[in-house]
Amino acid sequence: MFNTIGTPGTSATVPSALRDNMSYEFRITNEGDVTIPAPIRVNDDQIGNGLTCGTAALAAGDGVTCSHVWTATQTAIDAGQITNVASPVATFDGNPVPVVSDNFTALAIQSPELTIDKTYNLALSGAFVSPQTQVFDFEVTNSGNTTITTLPVINDTIIDPSRITLLDPFPA
């Protein structure tokens, strides 16, 4: 029987931005009583299948360590975490070797932030006199790393929030 353990790299590799890389270390141990012929591979539901982890036979009781990289996705950052499941893969006498899978959850660093730019629209407002309607333009930008799906309240003393429409989520 095989066993695998996936552990993340240092805290500096915790994902905080789209396309951040996170290194996973896999330790595969042959817990059986026969030598398992090479190649020794890992299937990981986030990183991929058939990842090379050993090019030599693995004697009973011996282990091999390898590293592979996962690249952060917007979905994982929005969720605040990524869980992956890894399983060793090898054959003995043409048959799959029984395995024990392992999983690991890494937390993402979420930094939601919106910025706003408010400008006075002189062309649509005309003179700044009472009771003339004054027009302001608002540009809201998602400057954080998470997707914003709720409607931002811009200035509820001037604008009726029910008249604001969110056309699309604010992707990070």
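Model, not experiment: these values are computed from the prediction.

1. Regarding the sheet that holds strand E3 (residues 40–44)
Spatially, the four strands line up as an open sheet ordered E4-E3-E6-E10, and their pairing is antiparallel. The strands lining the two open edges of the sheet, one partner per strand, are strand E4 (48–54) and strand E10 (102–107). Averaged over neighbouring strand pairs, the angle between their axes works out to 30° when direction is ignored.

2. Topic: the packing of aromatic side chains
The description of two aromatic rings rests on the distance between their centres and on the angle between their planes. Tallied over the full model, the rule gives one aromatic pair. Between Tyr 24 and Phe 104 the ring centres are 6.4 Å apart and the planes differ by 80°, which places this aromatic pair in the edge-to-face class. Taken as a pair, Tyr 24 in strand E2 (residues 21–30) and Phe 104 in strand E10 lie far apart in primary sequence, 80 residues in all. On the basis of relative accessibility, which here comes to 25%, the residue Phe 104 falls in the partly exposed class.

3. Structural notes on the state of the cysteines
Scanning the entire structure with this criterion turns up one disulfide. Through a disulfide, Cys 53 is tied to Cys 66; the S-S separation comes to 2.1 Å. Judged by the sign of its S-S torsion, about -100°, the cystine formed by Cys 53 and Cys 66 is left-handed. Taken together, the positions of Cys 53 in strand E4 and Cys 66 in strand E5 (residues 63–71) put the pair 13 residues apart, joining distant regions of the chain. We classify Cys 53 as buried; its relative accessible area is 5%. Among the residues examined, Cys 66 registers a relative accessible area of 9% and is labelled buried.

4. Some points on the nonpolar core
Within the largest apolar cluster, 21 residues are counted, with the highest numbers of intra-cluster contacts made by Tyr 24, Phe 26, Ile 28, Ile 40, Val 42, Cys 53 and Trp 70. Contributions of two or more residues to this core are made by E2, E3, E4, E5, helix H1 (74–79) and strand E6 (81–89). Considering every element that reaches this core, the biggest residue donor is E2, with four residues.

5. Considering the environment of Leu 122
Among the secondary structure elements, Leu 122 is positioned in helix H2 (residues 122–125). Leu 122 sits in the exposed class, given a relative accessible area of 56%. Between the C-alpha atoms of Leu 122 and Phe 136, which are 14 residues apart in sequence, the distance is 8.5 Å.

6. Here's the deal with unusual backbone geometry
A cis amide bond links Ala 38 with the next residue in sequence, Pro 39, at an omega value of 0°. With respect to the secondary-structure elements, Pro 39 resides in the loop between E2 and E3. The backbone of Asp 93 shows a phi angle near 55°, a positive value even though the residue is not glycine. Along the chain, Asp 93 turns up in the loop between strand E7 (91–92) and strand E8 (95–96).

7. Details of the side chain of Asn 84
If you trace the backbone, Asn 84 turns up in strand E6. The class for Asn 84 is buried, based on a relative accessible area of 4%. Side-chain polar atoms of Asn 84 contact the side chain of Asp 44, separated by 2.6 Å. For Asn 84, the residues in contact, after removing those within four places along its chain, are Tyr 24, Asp 44, Asp 45, Gln 46, Ile 47, Asp 102, Asn 103 and Phe 104.

8. Considering the confidence of the model for the protein chain
Per-residue pLDDT for the protein chain averages 80, and the proportion of residues at 70 or more is 78%. Here strand E1 (residues 2–8) stands out as the least confident element of the protein chain, with mean pLDDT 44; E8 is the most confident, with 94. Counted against residues more than four places away or in other chains, residues 1–13, with its pLDDT under 50, gives 54 contacts.

Cut-off values and rules
- Within each chain, residues carry numbers counting from 1 in the order of the written sequence.
- Local features in a predicted model are, by the rule used here, given only for residues with pLDDT of at least 70; side-chain atom pairs are given and counted only at 80 or more, and totals for whole chains, interfaces and linings are based on all residues.
- Hydrogens are left out, water is left out, and the side-chain values use all remaining heavy atoms of the structure.
- Whether two strands pair comes down to DSSP finding at least two bridges between them.
- Only DSSP runs of H or I with at least four residues qualify as helices, and only runs of E with at least two residues qualify as strands; both kinds are numbered from the N terminus onward.
- Fitted lines through C-alpha atoms serve as axes, helices being fitted only where they are in contact, and the angles separating the N-to-C directions of these axes extend from 0 to 180 degrees.
- Stacked, tilted and edge-to-face are the three classes applied to pairs of Phe, Tyr and Trp rings, where Trp contributes its six-membered ring and a pair requires centres within 6.5 Å; stacked means planes under 30 degrees apart, edge-to-face means over 60, and tilted covers the rest.
- Relative accessibility under 20% of the residue-type maximum defines a buried residue, over 50% an exposed one, and the middle range a partly exposed one, all with a 1.4 Å probe and only protein chains included.
- Disulfide assignment relies on a single distance test, namely cysteine sulfur atoms paired within 2.5 Å.
- Note on terminology: a nonpolar core comprises buried Ala, Val, Leu, Ile, Met, Phe, Trp, Tyr and Cys residues joined through side-chain atoms within 4.5 Å.
- Each polar contact in these results corresponds to two N or O atoms within 3.5 Å; when the atoms are within protein, one needs to be able to donate a hydrogen and the other to accept it, and residues that are neighboring in sequence are counted only if both atoms are side-chain atoms.
- Residues are treated as being in contact if the distance between any of their heavy atoms lies within 4.5 Å.
- Every residue is assigned a pLDDT by the predictor, reflecting its confidence on a scale from 0 to 100.

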